Amino acid sequence: MRNELTLIELADRYLRGELNTTERAELEERMRTNAELRELVEDQRVLLGGLQRLALRPAVDKAYRSYKFGKWAPGIGGAVVAALLISGGALWMTGEHEAVPIISPEPVPIEIEDAEPGATDAPGDAPATGTVRTRPEQRDTVIMIMQNGVLTPISAKDTVGKGTMRIVKTVPITASSPEKLQHSLDSVQRAGAPTQDIPAKVIPRDSLLQLLEWELVPKIE
Amino acid sequence: MSDPEILMQLRTGREHKALVELYAHLPKVERMVRNNSGTRADAKDLFQDALIILFGKAKEDGFALSCSIGTYLFAICRNRWQEELRRRGRFAQELDTVPDEPADLAALLAEEGRFGSAERALRSLGDKCLDLLKRFYLLKEPLLSIARSIGLSGEGAAKTRKYKCLEEARKRYRTLIAQGSIAQPQLP
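What counts, and at which threshold
Residues numbered from 1 in each chain as written. Chains lettered and ligands numbered in written order. Predicted model: local features only at pLDDT ≥ 70, side-chain atom pairs only at ≥ 80, totals over all residues. Helix = DSSP H or I, 4+ residues; strand = E, 2+ residues; numbered from the N terminus. Buried ≥ 20, exposed ≤ 12 C-beta atoms within 10 Å, placed from the backbone. Contact = placed C-beta atoms within 7 Å. Core = buried A, V, L, I, M, F, W, Y, C linked by C-beta atoms within 7 Å. pLDDT = per-residue confidence, 0-100. Axes fitted to C-alpha atoms, helices over the stretch in contact; angles between N-to-C directions. Parallel < 35°, antiparallel > 145°, perpendicular 65-115°, else oblique. Left-handed = near helix turned anticlockwise from the far one by under 90°. Nonpolar A, V, L, I, M, F, W, Y, C, P; charged D, E, K, R; others polar.

Take the overall build of chain B next. The helix and strand tally for chain B stands at nine helices and zero strands. Helices (α) and strands (β) of chain B occur, in sequence order from the N terminus, as α-α-α-α-α-α-α-α-α. A buried classification covers 32% of the 188 residues belonging to chain B. Looking at chain B alone, contacts between residues at least 24 apart form 63% of all its contacts between residues at least 6 apart.

Here it is as structure tokens:
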């Protein structure tokens, strides 16, 4: 083992460029004639490359979270969230709080539009509400959706055939950090459903689509 | 941020903003993957692997791009997704080729595939070995100080431990290579 230990050290120094000209030439000459040694040095090089790649991953993951957060809460004041209630039951706001409630006591069946989910980034569609089908096992959830710092309308295409959805209220929020956003959400939650235990969460638009398709909604970080 | 600025930031350890900005290229990859039998999660893994490749290359001396960063990332994703489709037995599915994709892409992907296998091998070692190897090779911490902080008797013991970890990693890497493994998307 002693010998191999020395070889690994030699390989380390070679790969780091720490050998002097003579030492390097000597090692390279040995590698030319010794396949085993050549393989050892090459494997060592690849392992160090892998180690480096591995160490870069946390930064890439961290940036992903910022990207996701920025996408639906870019940190500009005056952003707006829309609170939706996905529910089979009847619960909506009565307007006793400061924000303007958008209430749709009579759910309107939504029109079917042919569109790829997630491809509709442009705001401008009027918020749609509607009932098409409900799942009895679906829990009441207050969903808020925001994108690019503006109210992201829940358009008909988002909700086609995807359960009962009602806009409960819209509320302006300032989201310069996840914590502040959460704080705003909590207040919306309290205002939106003071007497009921309904979880409030902000989800990105694509997650809303997943939720509506009864898929698992990713955890909000 | 311009491409050279992004590369500079990746290179000099001020990478966060640059990386966040690079995610702007993710939706295009998502479309490509989802239109070709993949999920959004597949696309994310693929794209993050491409980011790791770019990030790793950017840290190399003398790295220069022959195309835009967007093209570079997309071409990597496109080619690796094609590979994945073949692995899944979908030989007939041909993805559109990327105009002006980097000329050395095949070599790059082969090399990065090896790094990916090495990454998997290292990850499977466990935290103790990983920690030691990272300290020694990436943080360039002296063996003696590593030995002290992980409770080894001295430099010699640390050196032996490092050797054992490396040997085990190498063994596992060799096994992966022999299995013809394709680097799986990595999760933290």
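Still to come is the rest of the account.
Here the focus is the nonpolar core. In this structure, Ala50(B), Leu51(B), Leu54(B) and Cys77(B) are the most contacted members of the largest nonpolar core, which totals 31 residues. The element best represented in this core is helix 4 (residues 40-58) of chain B, accounting for ten residues. If near-sequence neighbours (up to four positions away) are discounted, Leu51(B) is found in contact with Val60(A), Leu19(B) and Leu22(B).

So, on to the confidence of the model for chain B. Fine structural detail should not be taken from predicted coordinates in areas where pLDDT scores are low. Residue and element names in this part refer to chain B. When pLDDT is averaged along chain B, the result is 89, and 95% of the positions lie at 70 or above. In the model, residues 182-188 has pLDDT below 50 throughout and makes 16 contacts with residues more than four positions away in sequence or in other chains. Predicted as a complex, the structure gets a pTM of 0.62 and an ipTM equal to 0.89.

A few words now on the packing of helix 7 (residues 127-138) of chain B against helix 9 (residues 155-178) of chain B. Residue and element names in this part refer to chain B. Two elements in contact, helix 7 and helix 9, have axes separated by 10 Å at closest approach and are oriented at 110°. In this view, helix 7 runs roughly perpendicular relative to helix 9, as classed from their interaxial angle. For the element pair helix 7 and helix 9, the recorded crossing hand is left-handed. Facing Cys129, Leu132, Leu133 and Phe136 of helix 7, the residues of helix 9 in contact are Arg161, Lys162 and Cys165. Partitioned by chemical class, the residues of the contact of helix 7 with helix 9 number five nonpolar, no polar and two charged.

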